[in-house]
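Here is what each chain is made of, one letter per residue.
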Amino acid sequence: MQTVENNLQKKTFPVTGMTCAACASSVETILTYTEGVKAASVNFATNSVWVEFENSLTAEDLDKALQDVGYGLILSKNTQDAQETYQKDHYKKVKKQSIGAAILTLPVFIIGMFFMDWQAGRWISLVLSIPILFYFGGHFFVNAWKQARHGKANMDTLVALSTGIAFIFSVFNTLNPEFWLRQGLSPHVYYEAATVIITFISFGKLLEERAKTGTGEAIRKLMGLQAKTLTILEGESERTIPIEEVKKGMHILVKPGEKIPVDGKVLSGMSFVDESMISGEPLPLEKKKTDSVFAGTLNQKGSFQFEAEKVGSETMLAQIIQSVQKAQGSKAPVQKLVDKIAGIFVPTVILISIVTFVTWMLIGGENAFTQALLTSISVLVIACPCALGLATPTAIMVGMGKGAEHQILIKDAESLELAREIDTLLLDKTGTITSGKPTVQEIAWFIEKEDEEQLSSVLYGLESVSEHPLAEAIQRYFQEKKIKKIPLSQFESITGKGVKGQLKETTYWAGNYALIQEVGITVPSEIATKADDWAKNAQTIIYFASENKVIAILGIRDQVKASSKNAIQKLKDQHIDVWMLTGDNLETATAIASEVGISHIKASLLPQDKAQIVRELQQKGKKVAMVGDGINDSEALAQADVSIAMGHGSDIAMDVAKITLITSDLLKIPQAFKLSHQTVRGIRQNLFWAFVYNVIGIPIAAGILYPINGFLLDPMIAGAAMAFSSVSVVMNSLRLKAKAL
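Residues numbered from 1 in each chain as written. Predicted model: local features only at pLDDT ≥ 70, side-chain atom pairs only at ≥ 80, totals over all residues. Heavy atoms only, no water.

K.L.:
Describe the overall build of the protein, listing the residues and the values that go with them.
P.N.:
A count of helical and extended segments in the protein gives 28 helices and 27 strands. Counting only residues that meet the buried cut, the protein has 54% of its 741 residues in that class. Of the contacts formed within the protein by residues at least 6 apart in sequence, a portion of 68% connects residues at least 24 apart. For the protein, the exposed surface amounts to about 33,400 Å²; the carbon and sulfur share of it is 56%. (Helix = DSSP H or I, 4+ residues; strand = E, 2+ residues; numbered from the N terminus. Buried < 20%, exposed > 50% of the residue type's maximum accessible area, 1.4 Å probe, protein only. Contact = heavy atoms within 4.5 Å. Areas by Shrake-Rupley, 256 points an atom, 1.4 Å probe, with all protein chains shown as cover.)

K.L.:
I'd love a proper account of the sheet that holds strand 27 (residues 659–661), names of residues and values included.
P.N.:
Backbone-to-backbone hydrogen bonds pair the strands of a sheet. The strands run either parallel or antiparallel. With mixed pairing, 7 strands are arranged side by side in an open sheet as 15-27-26-25-16-23-24. Every other strand in the sheet has two partners, leaving strand 15 (408–410) and strand 24 (600–602) as the edge strands with one partner each. Ignoring strand direction, the axes of neighbouring strands in this sheet form an average angle of 20 degrees. In this structure, strand 16 (residues 424–428) lies alongside strand 23 (residues 577–581), joined through 5 bridges in parallel fashion. Within strand 23, the residue paired with threonine 424 across the bridge is aspartate 577. Along the sheet face, helix 22 (residues 586–596) touches strand 23 and strand 24 and points at about 155 degrees away from the line of strand 24. (Pairing = 2+ DSSP bridges. Axes fitted to C-alpha atoms, helices over the stretch in contact; angles between N-to-C directions.)

K.L.:
Let's hear about the pairing of strand 22 (residues 550–560): which residues, and what values?
P.N.:
Taken across its 11 residues, strand 22 has 10 buried, putting it largely inside the fold. Of the strand pairs in this sheet, strand 17 (residues 434–445) and strand 22 are connected by 8 bridges, and their pairing is antiparallel. By the bridge assignment for strand 22, alanine 444 is matched with isoleucine 553. Across 6 bridges, the pairing between strand 21 (residues 540–545) and strand 22 is antiparallel. Across the sheet, the residue bridging to isoleucine 542 is leucine 554, located in strand 22. The turn joining strand 21 and strand 22, which pair antiparallel and follow one another in sequence, is formed by 4 residues.

K.L.:
Lay out helix 18 (residues 469–480) in plain terms, naming residues and giving numbers.
P.N.:
When the terminal C-alpha atoms of helix 18 are compared, their 17 Å separation across 12 residues agrees well with the 16 Å that a helix rising 1.5 Å per residue should span. On its buried face, helix 18 is in contact with strand 17, helix 17 (452–463), strand 21 and strand 22. Looking one or two places after helix 18, you find lysine 482, whose phi comes out positive at around 60 degrees. (Expected span 1.5 Å × (residues − 1).)

K.L.:
So what about the sheet that holds strand 8 (residues 251–254)? Which residues, and what values?
P.N.:
Taken together, the 6 strands give an open sheet; going across it, the order is 7-6-8-14-9-12, and neighbouring strands pair in antiparallel fashion. At either margin of the open sheet sits one strand with a lone partner, and together these are strand 7 (237–242) and strand 12 (292–293). Sheet analysis places strand 9 (residues 263–269) next to strand 12, joined by 2 bridges and oriented antiparallel. Note that in strand 12 the partner of lysine 265 across the bridge is serine 292.

K.L.:
Go over the packing of aromatic side chains with me, naming the residues and quoting the values.
P.N.:
Between two aromatic rings, the relevant description is the distance of the centres plus the angle of the planes. Inspection of the entire model under this criterion finds 13 aromatic pairs. Between phenylalanine 134 and phenylalanine 167 the ring centres are 5.4 Å apart and the planes differ by 75 degrees, which places this aromatic pair in the edge-to-face class. With phenylalanine 134 in helix 4 (residues 119–136) and phenylalanine 167 in helix 6 (residues 155–175), this pair connects stretches of sequence that are 33 residues apart. Judged by relative accessible area, phenylalanine 134 falls into the partly exposed class, the value being 42%. According to the relative accessible area criterion, phenylalanine 167 is buried, its value standing at 9%. By the ring-pair criterion, three or more aromatic residues cluster together here, those being Phe134, Phe141, Phe167 and Tyr191. In this structure, lysine 485 packs its charged tip against the face of tyrosine 460, placed 5.6 Å from the ring centre. (Phe/Tyr/Trp six-rings, centres within 6.5 Å; stacked < 30°, edge-to-face > 60°. Lys NZ or Arg CZ within 6 Å of the ring centre and 35° of its normal.)

K.L.:
Can you lay out the confidence of the model for the protein for me, pointing to particular residues and giving the numbers?
P.N.:
Confidence in the prediction for the protein averages 81 pLDDT; 85% of positions are at 70 or higher. Across the protein, the element-wise mean pLDDT spans from 49 in strand 1 (residues 2–5) up to 94 in helix 21 (residues 564–573). (pLDDT = per-residue confidence, 0-100.)

K.L.:
Which residues make up a nonpolar patch on the surface, and what are the values?
P.N.:
A cluster of nonpolar side chains, Leu106, Ile110, Met113, Phe114, Phe115, Trp118 and Ile124, forms an exposed patch at the surface whose accessible area comes to about 680 Å². At 4 residues, the largest contribution of residues to the nonpolar patch is made by helix 3 (residues 79–114). Relative to the helices and strands, leucine 106 resides in helix 3. (Patch = residues over 30% accessible without salt bridge, like charges linked within 9 Å, V, L, I, M, F, W, Y side chains within 5 Å. Salt bridge = Lys/Arg side-chain N within 4 Å of Asp/Glu carboxyl O.)

K.L.:
Tell me about the pattern of salt bridges, and please be specific about residues and values.
P.N.:
Within this structure, the stated rule accounts for 10 salt bridges. Residue lysine 288 is joined to aspartate 291 by a salt bridge in which the shortest nitrogen-to-oxygen separation is 3.9 Å. For lysine 288, a relative accessible area of 43% corresponds to the partly exposed category. For aspartate 428, the salt bridge is made with lysine 610, and the minimal N-O distance between the two is 2.9 Å. Taken as a pair, aspartate 428 in strand 16 and lysine 610 in helix 23 (residues 607–619) lie far apart in primary sequence, 182 residues in all. Using a relative accessible area of 5% as the deciding quantity, one classes aspartate 428 as buried.

Encoded structure:
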């Protein structure tokens, strides 16, 4: 993903070589201090880094800065494919290392556990341990050395130190057993400890890599919607080209059953298109000339030609994918604190290990050295910060992915974390609670029955010239009734009131009550009463009149969405106060609010009034979410703590909002809040267990229980516990997938 603005590039790169949270911290630090880089944010769970850098820098420069420390960037036009290829290859490599280490470790473990005094067994263990440590586990030592050269440390440092010390001590005891025998001590060897640690940690990484691939499932599903090839029209001929070669303005042919490759407008033909993968709406939509079509949607039975208008990263599907990628790569506020802890964690653990060794040497008695060695190695092994580093990003990734699958796009992790704190929700009326598409609800004629059809044609002809949304509602009504329109002459639009036209010698008006008053037409009491009754039911009244009398009145209403009432009740069940803000009049607003169960109403508002209401509520200590779909809502959206845009609305509203609902279904709002609660709960569970694991594990590894019950933690068990902690955190995050919204 890449954007360019103000001579700055913003791009996400896949990162290679990261093995733990301390690595993520190192990559972030190195890039942040690289000249020309303005900001960098690493996500360990996605193995990616988002970088904001000057145009004078290239991606190769960033890669070079990381190469010296053992990391790297995947530089490819299609970073998603490149990253997936890297992850698959990396998974195969880790699998090979794990299986190879396990096969050779088994005999070493059996010898160490059951034949510890067998002299030949020591030599067999030495020979088998060399490929385990320095071939299947060689990357731990290579990466640790690269880190050490730059004064840094990470998980590889802990593994290399613990297994390396155990191996060197064991080799010394194998080659020089007399040294200890002269002192009356037994020359123990710990090949099994070193090799089992490598094997357990390798298997832990294997399970972790496998589980982490599950957290990116949403992106892969979205990527799977993209067409790989398309058919373009060149005169009378057709040609199939790869999706990468398509350009704006090309004429594209879509056949039955094909995915639409890019966004565009239909030129000819007709079909029904399944847009559920983007909009969430189940029914296929009819597509005819001038209608818009979107990349990733599925054409059904018909064929049509369309002109490409948005290609590559500009398509709606690409924007959705980029939003999810950026969101998954962003950091929740709690993660920034965790990153700082992880950055100083490894050096602290090494210090604890040294203190443990020295302490045991001073108080350990006749087995002091052996106990000092085992406990210091156990501390190094058990204290890996992986669980800590994975706790937040894995939960965020799964939460973001789950949101995307439910048509809820969350732009950053902070919004996902904040959404659970919302106690007040402000809803725009038109297009949010209502459909935003006015329809004629009722029509009452005050003429002879036989004249209705003729005058319907006159009204249709009069309104067909107007572009007002209410006029469009009347046009649709008569189209559905199969009424033929009669063109009128001397058409005139009267701003804010209605329209006027002439047929032969008769002048006709259609508009609001102010227009009827202006032209001096009297409204009989029975018509006025009916109009008042309709108005109380949130209908806008249009009067149709000739030169001296009212011919008909029409009640036009913006229908409340089917899901609005249920969604608002669910929000109340979540202890959220719901307000309705609208520019409409109070009478209409009250009727709509009463229908859906809203008691807080603000009507006749200007755009700046909505933002002011948000500010006033925030000053009272409320956590405010704003939901809107129009340009007039953008200021209030920007002011709110959490901003939610309806996906069918304006581009500006969607740009400002931190959460976008691709569908128009209001039920997605309580789902978004529930998702926030679930995700934050998952993060807290992960962090709790990651911290508890280290708080309990490190003292036990250091031998704190020895004076009480004589227990010393075997380094092998420490290695297994460390591997289990990382995997358990990832698996706990994946549990979010199964929870209902």
